[in-house]
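Structure assessment
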Amino acid sequence: MTNVTVLIGAGSIGVAIARRISAGKHIILADLRLENAEAAARALLEAGFEVTAASVDITSRASVETLVSTATAIGDITGLIQAAGVSPSQASPETILKVDLYGTALVLELFGNVIAKGGAGVVIASQSGHRLGALTPEQNMALATTPVEDLLALSFLQNVTDSLNAYQLSKRGNSLRVMAEAVRWNKRGARINTISPGIIMTPLARDELTGPRGEVYRRMLSLSPASRAGTPDEIATLAALLMGPEGAFIIGSDFLIDGGVTASYFYGELAPQ
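Since we're looking at a predicted model, the values are computed, not measured. (Residues numbered from 1 in each chain as written. Predicted model: local features only at pLDDT ≥ 70, side-chain atom pairs only at ≥ 80, totals over all residues. Heavy atoms only, no water.)

Within the protein chain one finds 10 helices and seven strands. Rg of the C-alpha trace for the protein chain: 18 Å, near the compact-globule value of 19 Å for 273 residues, within the 12% margin. With the C-alpha coordinates aligned to their principal axes, the bounding extent of the protein chain is approximately 55 × 40 × 35 Å. Within the span of the protein chain, comprising 273 residues, buried residues form 54% of the whole. Total accessible area computed for the protein chain in this model is approximately 11900 Å², and 54% of it derives from carbon and sulfur atoms. (Helix = DSSP H or I, 4+ residues; strand = E, 2+ residues; numbered from the N terminus. Rg over C-alpha atoms; globule rule 2.2 N^0.38 Å. Buried < 20%, exposed > 50% of the residue type's maximum accessible area, 1.4 Å probe, protein only. Areas by Shrake-Rupley, 256 points an atom, 1.4 Å probe, with all protein chains shown as cover.)

Here the focus is the pairing of strand S2 (residues 26–31). Look at any regular strand and the pattern is simple: side chains alternate between the two faces of the sheet. The buried fraction of S2 amounts to six of the six residues, a majority that puts the element mostly inside the structure. Note on the crossover from strand S1 (residues 3–8) through helix H1 (residues 12–21) to S2: the handedness is right-handed. Examined bridge by bridge, S2 and strand S3 (residues 50–55) share six bridges and lie parallel to one another. Directly across from Asp-31, in S3, lies its bridge partner Ser-55. In terms of handedness, the path from S2 via helix H2 (residues 34–46) over to S3 forms a crossover that is right-handed. (Right-handed = clockwise from strand over helix to strand, strands pointing away. Pairing = 2+ DSSP bridges.)

Right, dumping it as structure tokens:
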């Protein structure tokens with residue numbers, strides 16, 4: 001039976017992870033825009049990978065169910081990379097919550113129903129989730145365990161009017177959701193973890209660096225311990241550990257990989273004055 005890696009989101013980080021972990025596997029590369037998926041698939045095909053491009057809207061249950069069916073018709077899903085999302089400079093608070101929070105929860109639910117024994121997945125969250133203030137235990141539990149179709153109706157999400165706050169809540173919600181889903185995935189003999197990258201040089205990051213908050217992000221880079229942005233390949237190195245046999249004891253965890261930006265935010269030169 002063919003082993004299948006499902007990559008959702010045709011961006012640089014997801015593609016770098018797929019390349020690292022998918023030799024000898026069939027990659028299903030899905031994106032909201034089919035042309036983006038096809039362009040990324042062509043590059044992978046030229047590099048010797050077996051790839052099928054597909055379109056998916058992770059805010060639509062029917063669309064994600066179709067992607068699940070496409071993947072399972074090809075083989076056993078042994079890898080899931082959920083790298084689809086929108087950033088604060090790209091979308092309204094409502095759209096961010098719908099895509100980044102609800103969409104990720106939907107993907108985790110539906111692929112968690114079919115992930116193969118021995119399979120593993122990663123969700124790409126963000127350093128932003130680590131800079132959100134503490135939520136209440138009740139809010140944490142709600143983000144982690146509320147049924148997917150009720151998630152956006154949570155009372156504390158109703159008055160979110162700032163795109164950055166929506167993004168932070170969504171990314172904190174991703175890591176909490178992964179913790180809860182990891183228990184369910186493990187009953188199938190599979191694992192799921194979260195990666196929370198800092199500023200990684202991708203088209204999305206360039207949007208942020210040139211967008212309304214660009215000065216803030218450039219300051220983050222200049223005052224961080226690493227003094228630079230990260231690369232997609234550095235995220236892929238971590239993902240390969242989490243999704244490979246060496247990461248077998250890592251389950252339901254969230255890994256911050258941001259060049260020390262968050263450390264500096266709390267304890268260094270980036271600390272709020």
